[in-house]
Amino acid sequence: MRYTPISQLKGNMILGQELYDATGRMLLAKHTTLTEENIAYITFLGIPGVYIDDKFSEEAKVEEIIRPEVKKAALRMISEVFIQASQDDTIEQEAEAEFRRNITMIVETVLDKRDVMDSLIAVKTYDDSTFFHSANVAVMAGIIGAKMRLSRIELDDLVTAGFLHDIGKVFIDPDIINAPRKLTDEERVQMMDHPMLGYDFLLEEYSFSKGVLEGVYQHHEWYNGDGYPRRLRGDSITLLARILKVADVYDAMTGKRSYHDPYLPSDVLEYIMGRSGMEFDPDVVQVMATEMCVYPVGCEVGLSDGRRGIIVENHRGFIMRPTIKLLDTDELLDLANDRDAWNLTITRLLI
Ligand SMILES: [Fe+2]
């Protein structure tokens, strides 16, 4: 299985994973042979790429980190909470209990996968609506938190806060939220209210713990004190909020936004590493930079000597040095261990 960008999809390629829409409905089944019509539909939906099965990438096994049914339940749940918030409905106890059951399911999944090196792309769903963004941040934060050995209670709080971190945006003018341009100073000030609006809403309507509430309130604080709304710094920002901050920025930058094209995961990781200690907590960045794969198995990359290949294996702690199968010779090149390859670098991720 290998990740293939939309621009390189052709008829007769075989889909390696199921595709889902924003409500969790299956669009295309695994092993579907793609037609030109399917490809046009996938393009229309704004999906940047899909996994395909082919002979060449047989040994590139891609593990589904979060099972489709868990993703589906999570998406259903988050859309319900957002709708309830925007319609000013009272939250039923039943819905809150369902929400908590889903959180438990996700936390169990991330705990289960704690020792697997997760691929940054596999964690992410393809769509970049607020619901998907919330689900991505929740799962990504949960994975980082599990790797940092947070307690079960902290993980529950972290994943919950991940889902709800932007709920305050429901109370902000949609024209500002969706503006395909730079915001004016006045609009930016309004936008900066969303952590507090979310905090107030959750405090009033739900019975979430202080950990969840502070996570939502603090997810735009910077490690050096330059963030908002309260300009907290260092350890005075809760660990959960410091994890959410990294997961939120990572997902926002790798996603398609109205005002920019998605950035490559490797570029975003470098951006985050470059702002470690300023915007981001160095301990959180360290976990992301050693435990998550920048170059997911199955992706095509270009090397500094001009050759191209497909990632077949990642090595823990050496996230920039995976094993690659070269396209021209089928030869395996282990950038972490083959002496001959030590002078080579990956210069492009072809997605
Ligand atoms: Fe936010």
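Here the residue index of a chain counts from 1 through its sequence in written order. Where totals are concerned, whole chains, interfaces and linings use all residues; where local detail is concerned, this predicted model gives features only for residues with pLDDT of at least 70, and gives and counts side-chain atom pairs only at 80 or more.

Caption draft 1: Broad picture of the overall build of the protein chain. By the criteria applied, helices consist of DSSP H or I runs no shorter than four residues and strands consist of E runs no shorter than two, each listed in order from the N terminus. When you go through the protein chain residue by residue, the secondary structure sums to 13 helices and 12 strands. Note on burial: count the other C-beta atoms lying within 10 Å of the residue's C-beta; 20 or more is buried, 12 or fewer is exposed, in between is partly exposed, and C-beta positions come from the backbone. Every one of the 351 residues in the protein chain was classed for burial, and the buried ones make up 40%. A residue pair is marked as a contact if its C-beta atoms, positioned from the backbone, fall within 7 Å. For the protein chain, contacts bridging at least 24 residues in sequence account for 64% of all contacts bridging at least 6.

Caption draft 2: Layout of the sheet that holds strand 5 (residues 49-53). Any two strands with at least two DSSP bridges between them are considered paired. Read from one edge to the other, the open sheet built from 3 strands follows the order 1-5-2, with strand pairing classed as antiparallel. The strands lining the two open edges of the sheet, one partner per strand, are strand 1 (2-5) and strand 2 (14-15). Bridge count between strand 2 and strand 5: 2 bridges; the pairing is antiparallel. Across the sheet, Leu15 pairs through a bridge with Ile52, a residue of strand 5.

Caption draft 3: Main features of the sheet that holds strand 10 (residues 323-326). Here 5 strands make up an open sheet; going across it, the order is 11-10-9-8-12 and the pairing antiparallel. Lying at the two open borders of the sheet, with one neighbouring strand each, are strand 11 (332-334) and strand 12 (346-349). Geometrically, the sheet is characterised by an average inter-axis angle of 40° between neighbouring strands, direction not taken into account. By the bridge criterion, 4 bridges tie strand 9 (residues 308-313) to strand 10 in an arrangement that is antiparallel. Its bridge partner being in strand 10, Ile311 is matched across the sheet by Ile324. Interaxial angle, 0 to 180 degrees, is taken between N-to-C directions of lines fitted to C-alpha atoms, where a helix line uses only the stretch in contact.

Caption draft 4: How the structure looks around unusual backbone geometry. Looking along the chain, the bond that leaves Tyr228 and enters Pro229 is cis, with omega of 5°. Assignment of secondary structure puts Pro229 in the loop between helix 10 (210-218) and helix 11 (239-254). Of note in the backbone geometry, Arg149 takes a positive phi value of approximately 60° without being a glycine. With respect to the element layout, Arg149 can be found in the loop between helix 5 (130-147) and helix 6 (152-164). A positive phi angle, close to 50°, is found at Arg231, a residue other than glycine. Inspection of the secondary structure puts Arg231 in the loop between helix 10 and helix 11. Its 12 C-beta neighbours within 10 Å are what place Arg231 among the exposed residues.

Caption draft 5: Here's a closer look at the packing of helix 11 against helix 13 (residues 282-291). Packing of helix 11 against helix 13 brings their axes to within 9 Å, and their N-to-C directions diverge by 50°. Between helix 11 and helix 13, the interaxial angle falls into the category oblique. Regarding helix 11 and helix 13, the two cross each other, and that crossing is right-handed. Facing helix 11, whose interface residues are Arg242, Ile243 and Val246, helix 13 presents Val284, Val285 and Met288. Of the residues that constitute the contact of helix 11 with helix 13, the class distribution is 5 nonpolar, no polar and 1 charged. Throughout this description, any angle smaller than 35 degrees is read as roughly parallel, any larger than 145 degrees as roughly antiparallel, any in the 65 to 115 degree range as roughly perpendicular, and the remainder as oblique. In a left-handed crossing the near helix is turned counterclockwise from the far helix by less than a right angle, and in a right-handed crossing that turn is clockwise. Residues were grouped as follows: Ala, Val, Leu, Ile, Met, Phe, Trp, Tyr, Cys and Pro as nonpolar; Asp, Glu, Lys and Arg as charged; and all remaining residues, including Gly, as polar.

Caption draft 6: Molecular detail of the environment of Ile42. Structurally, Ile42 is set in helix 1 (residues 36-44). With 36 residues separating them in the primary sequence, Ile42 and Ile6 have C-alpha atoms 7.9 Å apart. Here Ile42 is in contact with Ile6, Ile47 and Val50, once residues within four sequence places are set aside.

Caption draft 7: The arrangement of the nonpolar core in detail. The term nonpolar core refers to a group of buried residues, namely Ala, Val, Leu, Ile, Met, Phe, Trp, Tyr and Cys, whose C-beta atoms join them within 7 Å. Within the largest apolar cluster, 71 residues are counted, with the highest numbers of intra-cluster contacts made by Ala141, Ile144, Val159, Ile243, Val246 and Ala247. Once residues lying within four places of it in the same chain are set aside, the contact partners of Ile144 are Ile243, Val246, Ala247, Val284, Val287 and Met288.

Caption draft 8: Region of interest: helix 9 (residues 194-205). Each helix should span, by expectation, one fewer than its residue count multiplied by 1.5 Å. Given a rise of 1.5 Å per residue, 12 residues ought to cover 16 Å, and the 16 Å separating the end C-alpha atoms of helix 9 matches this to within 8%. Here helix 9 has its buried residues at His194, Pro195, Gly198, Tyr199 and Leu202. Here the buried residues of helix 9 occupy an arc of 140° about the axis, which is enough to place them on one side. Its buried side turned inward, helix 9 meets helix 6, helix 8 (185-191) and helix 10. Here the arc refers to the set of directions running from the helix axis out to each C-beta atom.

Caption draft 9: Molecular detail of the packing of helix 11 against helix 12 (residues 265-274). With their axes 10 Å apart at the nearest point, helix 11 and helix 12 run at an angle of 140° to one another. Comparing their axes, helix 12 and helix 11 come out oblique. The chirality of how helix 11 crosses helix 12 is right-handed. Here helix 11 contributes Val246, Val249, Tyr250, Met253 and Thr254 to the contact with helix 12, which in turn contributes Pro265, Val268, Tyr271 and Ile272. In the contact of helix 11 with helix 12, the residues fall into 8 nonpolar, 1 polar and no charged.

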